[in-house]
Amino acid sequence: MAKKTGGGPKKTNGDGPRGAASEPQTGGTTGTRAPIQAQLAVLAQYVKDLSFENPNAPESLQGPGQNPQLKVSVNVNAQARAQEAYEVLLNLEVHARSDAGVFYNVEMVYGGLFRLQNIPQNLLQPVLFVDCPTILFPFMRRVLGDVTRDGGFPPLMLDPIDFGRLYAENTARAPIEPQSTAKN
């Protein structure tokens, strides 16, 4: 079998050194390049802090009692870490109680480390306070459900949060501060 050489562009799988063979093709003869695309990459996600308190167990596990109440608060914080890397934190507090007393309290900080490349400055805040929390939320929600179930209660499955709406409301009120929502 004859080995074919030369003729046509060299194909690579992208794991070799960056050179002429791995440069993107522009498709035209003008030498212009396509615009650089914005990129968001999740570098890590993690439980940074977690506390579950069930102060009245085992009595609190007997039933909800009269007038059960659930208070949920979620705040978003973001800060630069390294070049193009940002830490986004979801701070969650849940307080479940009734007239008989406290069922449980949960405090959790769930974080993610994101690399943001080629994001225009005017879009950086919305990406950090809308897109990144939207990516993290389902994972934080699963941890919360597991913790409340392991504490002897039905798993608490929070409804999805519209971080875009919260961002719009908070920016209309004041300059960017940690976002917050409370549900009763």
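None of the values given here were measured: they were computed from a predicted structure.

Draft legend 1. Broad picture of the pattern of salt bridges. For the structure shown, the criterion picks out six salt bridges. Ionic pairing is found between Lys48 and Glu87, a salt bridge with its closest N-O pair at 3.0 Å. Placement of the pair is Lys48 in strand β1 (residues 39-53) and Glu87 in strand β3 (residues 85-98), with a sequence separation of 39 residues. The buried category is assigned to Glu87, whose relative accessible area is 6%. Across the pair Arg142 and Asp146 runs a salt bridge whose closest N-O atoms are separated by 3.0 Å. One end of the pair is Arg142 and the other is Asp146, both in helix α1 (residues 121-150) and four residues apart, which spans about a single turn. Judged by its relative accessible area of 24%, Asp146 falls in the partly exposed class.

Draft legend 2. The arrangement of the pairing of β3 in detail. Of all 14 residues in β3, eleven are buried; the element is thus mostly enclosed. Examined bridge by bridge, strand β2 (residues 69-82) and β3 share 13 bridges and lie antiparallel to one another. Each residue of the ladder has a partner; that of Asn75, found in β3, is Asn91. Here β3 runs beside strand β4 (residues 101-117); their pairing, made up of 14 bridges, is antiparallel. By the bridge assignment for β4, Glu87 is matched with Leu113. The antiparallel pairing of β3 with β4 creates a hairpin that spans two residues between the two strands.

Draft legend 3. Up close: the side chain of Thr148. The residue Thr148 is located in helix α1 in this model. In this structure Thr148 comes out as buried when scored by relative accessible area, which is 0%. For Thr148, the side chain forms a polar contact with the main-chain oxygen of Gly145, separated by 3.2 Å. Dropping the residues within four chain positions of it, Thr148 is found in contact with Phe52, Tyr104, Val106, Phe153, Pro154, Pro155 and Leu156.

Draft legend 4. The arrangement of the packing of aromatic side chains in detail. For the structure shown, the criterion picks out four aromatic pairs. Note on Phe52 and Tyr104: the rings are 5.7 Å apart at their centroids and 25° apart in plane angle, and the pair reads as stacked. Of the two residues, Phe52 sits in strand β1 while Tyr104 sits in strand β4, which places them 52 residues apart along the sequence. With a relative accessible area of 27%, Phe52 lands in the partly exposed category. Centre to centre, the rings of Phe137 and Phe163 are 6.1 Å apart; their planes meet at 65°, and the pair counts as edge-to-face. Here Phe163 lies in helix α2 (residues 163-173) and Phe137 lies in helix α1, a separation of 26 residues in the sequence. Grouped by ring-pair contacts, the aromatic residues Phe52, Phe103, Tyr104 and Phe153 constitute a single cluster.

Draft legend 5. Broad picture of unusual backbone geometry. A cis amide bond links Ala57 to the next residue, Pro58, at an omega of 5°. For Glu84, which is not glycine, the phi dihedral falls at a positive 65°. Structurally, the position occupied by Glu84 is in the loop between β2 and β3. For Glu84, a relative accessible area of 31% puts it in the partly exposed group. Its identity as a non-glycine residue notwithstanding, Asn118 has a phi of 60°, on the positive side. Here Asn118 is to be found in the loop between β4 and α1.

Reading the values: rules and limits
Residues numbered from 1 in each chain as written. Predicted model: local features only at pLDDT ≥ 70, side-chain atom pairs only at ≥ 80, totals over all residues. Heavy atoms only, no water. Salt bridge = Lys/Arg side-chain N within 4 Å of Asp/Glu carboxyl O. Helix = DSSP H or I, 4+ residues; strand = E, 2+ residues; numbered from the N terminus. Buried < 20%, exposed > 50% of the residue type's maximum accessible area, 1.4 Å probe, protein only. Pairing = 2+ DSSP bridges. Polar contact = N/O pair within 3.5 Å; in protein donor to acceptor, adjacent residues only side chain to side chain. Contact = heavy atoms within 4.5 Å. Phe/Tyr/Trp six-rings, centres within 6.5 Å; stacked < 30°, edge-to-face > 60°.

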